[in-house]
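Commentary on secondary and tertiary structure
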Amino acid sequence: MAWQVASRWRIWPAGKTFPASIGYADSAAFFSSGPAGLPLDARRAGIAPQASCAESIDSALARVLERHGCTAVLRATYTDATGTFMITLGVVVSRGAAPAPGTLPGGRGLRPGVRPVAFAGTLAARFGIRQRQLANALAYGPYLILYTAGYTDGRRRDQVAANPYIASEMTSAAKGIAAAVGTRLGSPPPPPTCPGAPGC
């Protein structure tokens, strides 16, 4: 079962790893739709070619992940349901278990993370290094899911945390999309069944 989970990044088509549409929930703190939050859908802007850690992740974090055996990074960019935010996900594939997110480099300001991927002709056309507003990571089985988010209007980094509503909405979208991808990739397969005669 562990082998099957760890091999998904090679076996699955890119569109299965990064679906065209991903459901997520906006923060329940600002809506009365219930404890689960407001259900929304993010849309995929594009999928990038497979890359190395050094090519696709900030150097301070890439060095740490390379020590953990980083072999490849898969990236895709999504826009949130309102077309306001863009989120790049990075699926880090390592030889062995993914490092715990709490052990990754932090520091003041924007933490090191995945480098955004822009796609011409989409809402994510202006997503670059300077447009990142937040970055973080989640771990699912052998996969580390990195995410970074910004605005689709191309504005450079501002103090998004100074606006609780925007911070909550952007974080909900980025974390929700990352969690959806990570859950699919890292969840164990269902136990095999053995139809037929006893002892088959």
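Notes on the structure follow.

Criteria and thresholds
Residues numbered from 1 in each chain as written. Predicted model: local features only at pLDDT ≥ 70, side-chain atom pairs only at ≥ 80, totals over all residues. Heavy atoms only, no water. Buried < 20%, exposed > 50% of the residue type's maximum accessible area, 1.4 Å probe, protein only. Helix = DSSP H or I, 4+ residues; strand = E, 2+ residues; numbered from the N terminus. Arc of directions from axis to C-beta. Contact = heavy atoms within 4.5 Å. Disulfide = S-S within 2.5 Å. Pairing = 2+ DSSP bridges. Axes fitted to C-alpha atoms, helices over the stretch in contact; angles between N-to-C directions.

So, helix α5 (residues 59–67)
Here α5 has its buried residues at Leu61, Ala62, Val64 and Leu65. Seen along its axis, α5 keeps its buried residues to an arc of 165 degrees; they face one direction. Among the structural elements, α4 (53–56), β3 (70–79), β4 (85–94) and β6 (143–151) are those in contact with the buried residues of α5. Once α5 finishes, Gly69 follows within two positions and takes phi at roughly 85 degrees, a positive value.

Considerations on the state of the cysteines
The full count for this structure, using the stated rule, is one disulfide. Paired by a disulfide, Cys53 and Cys70 hold their sulfur atoms 2.1 Å apart. Taking the sign of the torsion about the S-S bond as the criterion, the disulfide between Cys53 and Cys70, at about 100 degrees, is right-handed. Taken together, the positions of Cys53 in helix α4 and Cys70 in strand β3 put the pair 17 residues apart, joining distant regions of the chain. Cys53 sits in the buried class, given a relative accessible area of 3%. Taking relative accessible area as the criterion, Cys70 reaches 13% and is therefore assigned buried.

Remarks on the sheet that holds β6
Spatially, the six strands line up as an open sheet ordered β1-β2-β3-β4-β6-β5, and their pairing is antiparallel. The outermost strands of the open sheet, each flanked by one partner alone, are β1 (21–25) and β5 (134–140). Neighbour to neighbour, the strand axes of the sheet diverge by 30 degrees on average, direction disregarded. Two strands pair when backbone bridges link them, and β4 and β6 are joined in this way by nine bridges, in the antiparallel orientation. The partner of Val91 across the bridge, within β6, is Ile145. In the packing of α5 onto the sheet, contacts are made with β3, β4 and β6, and the angle to β6 comes to roughly 165 degrees.

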